[in-house]
Amino acid sequence: MIMTNVKDLQGTPKRRHFARNTHLRTEQLNRLPPLFRDNFSGAGDVRRLDRMALSTFRRPKIGVALGAGAARGWSHIGVLRELEAQGIYPDVIAGTSIGAVVGGAYAAGKLKEMERFALSLTKKRVLGMMDVSFSGVSFLAGDKLRRELEKEFAGRTFENLEKAFATVATEYATGHEIWLTKGSVTDAIRASYALPGIFEPVKINGRWLFDGALVNPIPVTLCRVLGAEVVIAVNLVSDTTYRGTVFHDPLSIEPTLQDMSRGGSDPVRSLSARIFGGMGGNLRRLFGKREDGAPGIANAMMDAFNIAQGRISRSRLAGDPPDVLINARLGKIGLFDFHRAEELISIGREATRRAMPEILSGFLEIPSDIAPAHVQASTGA
């Protein structure tokens, strides 16, 4: 925590400014965030408030930490849309996995295009983007997704984005948490969502990187490092995880997989139909369920990853809690339900509306003579 050391250029004001309303001063003191308190005991805070009474105020620098959660991440679009509808425009965006995808689009001014893409997804189109890999490194090559990202970001780098943005990835072998803040936005996003075994790892600056949700599913800390003074975090982990139960995530696109793999070896079928049907059978074995109900390899991996992510999220949020936590109610949305974007966006907006009283109550204006946290850190204040 960075403690402020404000120089009183205007002298110590007399207490008559607050003497007329002691209760008002107490209420302001209770709402003063820890970042702007002199110390944890509260000593000196009344003097700080007196000084604030004569100061001009500025809006705090707002950061949004977008959490991991596969298909549920489309709800991030609804969150950002609702924040803007309420007059709140984030200055800093940090994202992990699908949070990096949506966050990168927002930072690049491409949220509308991302929303349009998400709403265009159907079950068959989602399956069409699952390009099975024969590299031995992962189930999916991810080339189709990469081309979509390159089309949207068109060679953009972090340095020329409209807003401060960063993503989280995990370094292979060491398990180190890597913060990606420079270079290609597309490569950084791909590294942040490269779920081990599902997508191929991404090599950046000589390091092989995997999904950032392995180490930091909701990057609150990264938001603060980028200079955010108020952090709004979006949690996509199912509520059932917090009740100590295993979340059942049925693959709702399985009926489509079954349709693709039907037909057997009918000789009258066209060559393309047989090839497409064969690919459908492979996808069904990977992402569907066996005849006796056992989950496919990819489904089992995703479920195990989801459970671990829930535990890691709780630990990280306890160590560095955000100012406001938005919990989207996504218990009935599967991790592969990318075709349910319209529903997910609505859920994100609704979750944000529920959190608005807390968000607005936490936005205490900051005296203009208190520099932003990242400025204080660099100057040693």
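Conventions we followed
Residues numbered from 1 in each chain as written. Predicted model: local features only at pLDDT ≥ 70, side-chain atom pairs only at ≥ 80, totals over all residues. Heavy atoms only, no water. Helix = DSSP H or I, 4+ residues; strand = E, 2+ residues; numbered from the N terminus. Buried < 20%, exposed > 50% of the residue type's maximum accessible area, 1.4 Å probe, protein only. Contact = heavy atoms within 4.5 Å. Areas by Shrake-Rupley, 256 points an atom, 1.4 Å probe, with all protein chains shown as cover. Phe/Tyr/Trp six-rings, centres within 6.5 Å; stacked < 30°, edge-to-face > 60°. Polar contact = N/O pair within 3.5 Å; in protein donor to acceptor, adjacent residues only side chain to side chain. Pairing = 2+ DSSP bridges. Salt bridge = Lys/Arg side-chain N within 4 Å of Asp/Glu carboxyl O. Core = buried A, V, L, I, M, F, W, Y, C linked by side-chain atoms within 4.5 Å.

Caption draft 1: Region of the structure containing the overall build of the protein chain. Each helix and strand in the protein chain was counted, giving 15 helices and 10 strands. Taken over 381 residues, the protein chain has a buried fraction of 50%. Nonlocal contacts in the protein chain, meaning residues at least 24 apart in sequence, comprise 75% of its contacts between residues at least 6 apart. Total accessible area on the protein chain is roughly 17900 Å²; 54% of this is exposed by carbon and sulfur atoms.

Caption draft 2: Focus on the packing of aromatic side chains. Tallying each qualifying case throughout the model produces five aromatic pairs. With a centroid separation of 6.4 Å and an interplanar angle of 75°, the aromatic rings of Trp74 and Phe117 are classed as edge-to-face. Residue Trp74 is found in the loop between strand 2 (62-66) and helix 4 (75-85), and its partner Phe117 is found in helix 6 (residues 111-119); the two are separated by 43 residues along the sequence. Summarising the burial analysis for this pair, Trp74 and Phe117 share the class buried. For the ring pair Phe158 and Phe165, a centre distance of 5.6 Å and an interplane angle of 15° mean the geometry is stacked.

Caption draft 3: How the structure looks around the side chain of Glu82. With respect to the element layout, Glu82 can be found in helix 4. Look at Glu82 and you get buried, because its relative accessible area is 4%. A distance of 2.9 Å separates polar atoms of two side chains, one belonging to Glu82 and the other to Arg349. Here Glu82 is in contact with Arg349, Thr352 and Arg353, once residues within four sequence places are set aside.

Caption draft 4: The arrangement of the pairing of strand 4 (residues 164-171) in detail. Burial of strand 4 is extensive: seven of the eight residues sit out of reach of the surface. Bridging between strand 3 (residues 92-96) and strand 4 involves five bridges; their strand directions are parallel. Each bridged residue has a counterpart across the sheet, and for Ala94 the counterpart in strand 4 is Ala166. The pairing of strand 4 with strand 5 (residues 177-180) spans four bridges and is antiparallel. When the sheet's bridge partners are listed, Ala169 is paired in strand 5 with Ile178. Counted along the chain from strand 4 to the antiparallel partner strand 5, the turn is five residues long, and its residue Ala173 has a positive phi close to 80°.

Caption draft 5: The pattern of salt bridges, seen in detail. A full pass over the atoms with the stated rule returns 16 salt bridges. Salt-bridge contacts for Arg59 lead to Asp91; the nearest nitrogen and oxygen are separated by 2.9 Å. Note that Arg59 is positioned in the loop between strand 1 (57-58) and strand 2 and Asp91 in the loop between helix 4 and strand 3, a separation of 32 residues in sequence. Take Arg59: its relative accessible area is 45%, and that puts it in the partly exposed class.

Caption draft 6: Local environment of helix 4. Of all 11 residues that make up helix 4, nine are buried, and the element is covered over most of its length. All of the buried residues along helix 4 are Ser75, His76, Ile77, Gly78, Val79, Leu80, Arg81, Glu82 and Leu83.

Caption draft 7: The arrangement of unusual backbone geometry in detail. The backbone phi angle of Ala70 is positive, close to 55°, even though this residue is not glycine. Looking at the element boundaries, Ala70 is found in the loop between strand 2 and helix 4. Since its relative accessible area comes to 17%, Ala70 is described here as buried.

Caption draft 8: Here's a closer look at the environment of Trp74. The class of Trp74 is buried, set by a relative accessible area of 3%. With near-sequence residues (within four places) excluded, Trp74 lies in contact with Ile98, Val102, Met114, Phe117, Ala118, Leu121, Phe338, Ala341, Leu344 and Ile345. Separated by 3.1 Å, the side chain of Trp74 and the backbone oxygen of Phe338 make a polar contact.

Caption draft 9: Highlighting the nonpolar core. In terms of nonpolar packing, the biggest core is built from 73 residues, with Trp74, Leu180 and Ile359 touching the most fellow members. In terms of residues, this core owes the most to one element, helix 14 (residues 341-361), which gives eight residues. Filtering out sequence-adjacent residues up to four positions away, Leu180 remains in contact with Phe158, Ala166, Thr167, Ala169, Ala188, Ala191, Ile204 and Leu209. Of all hydrophobic cores here, the second largest spans 15 residues; its members include Ala65, Val220, Leu226 and Ala233.

As far as function goes, none of this settles anything; it's purely spatial.
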